[in-house]
Amino acid sequence: NSDRLETQSAFASYGSYQHYWTDDLRSNFMAGYVNIDNATDLIGTARNEDIWSAHANLLWQPHKKVRVGVEYMHGERSLENGTDGSLDRVMGSVIYTLD
């Protein structure tokens, strides 16, 4: 029957922790996960089924107006059709505050 709505179940979780190594050096550790029970008969199988990622960074603030950081991220995902993949990324940042 095409006039019925069907719900899709999903589960998601996220957690993070911040640690101060010194007064001007800190790290953040984060992880997240999502699982979706897709109605593949309606939307197909090229949709995300599971996704997770983990991040870790190091932030240094040598002056109250300057912050320098580096972060590593790893993520993986799988589609309903069995295709999967992963990603690794290293990011850097420099922030200068004008105020």
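Use the structure listed above.
Attention here is on the structure that accompanies the text. (Residues numbered from 1 in each chain as written. Predicted model: local features only at pLDDT ≥ 70, side-chain atom pairs only at ≥ 80, totals over all residues. Heavy atoms only, no water.)

1. Overview of the pairing of strand β4 (residues 66–79)
Bridge analysis of strand β3 (residues 48–63) against β4 gives 13 bridges, and the strand direction is antiparallel. The residue bridging Ala-56 from the neighbouring strand is Tyr-72, located in β4. Counting the residues that bridge the hairpin from β3 to β4 gives two residues. From the end of β4 to the start of strand β5 (residues 84–96), which pair antiparallel, there are four residues, and Gly-82 there has a positive phi angle of about 95 degrees. (Pairing = 2+ DSSP bridges. Helix = DSSP H or I, 4+ residues; strand = E, 2+ residues; numbered from the N terminus.)

2. Topic: the environment of Tyr-20
Turning to its location among the elements, Tyr-20 is positioned in strand β1 (residues 9–22). Given a relative accessible area of 47%, Tyr-20 falls into the partly exposed group. Each C-alpha atom, one on Tyr-20 and one on Lys-65, is 18 Å from the other, the two residues being 45 residues apart in sequence. Sequence-distant contacts of Tyr-20, defined by excluding residues within four places in its chain, comprise Leu-25 and Arg-26. (Buried < 20%, exposed > 50% of the residue type's maximum accessible area, 1.4 Å probe, protein only. Contact = heavy atoms within 4.5 Å.)

3. Section: the packing of aromatic side chains
Under the defined criterion, the tally for this structure stands at two aromatic pairs. Summarising the aromatic geometry, the rings of Phe-11 and Tyr-33 are spaced 6.3 Å apart at their centres and angled 50 degrees between planes, so their arrangement reads as tilted. Placement of Phe-11 in strand β1 and of Tyr-33 in strand β2 (residues 25–37) is noted, with a sequence separation of 22 residues between them. You can call Tyr-33 partly exposed: its relative accessible area is 31%. Between Tyr-17 and Phe-29, the aromatic rings sit 6.5 Å apart at their centres with planes inclined by 20 degrees, giving stacked as the arrangement. (Phe/Tyr/Trp six-rings, centres within 6.5 Å; stacked < 30°, edge-to-face > 60°.)

4. Quick look at the environment of Trp-60
Structurally, the position occupied by Trp-60 is in strand β3. Counting along the chain gives 39 residues from Trp-60 to Trp-21, while the straight-line C-alpha distance between them is 9.9 Å. Not counting the four nearest positions on each side in its chain, Trp-60 is found in contact with Asp-24, Leu-25, Val-66, Arg-67 and Val-68.

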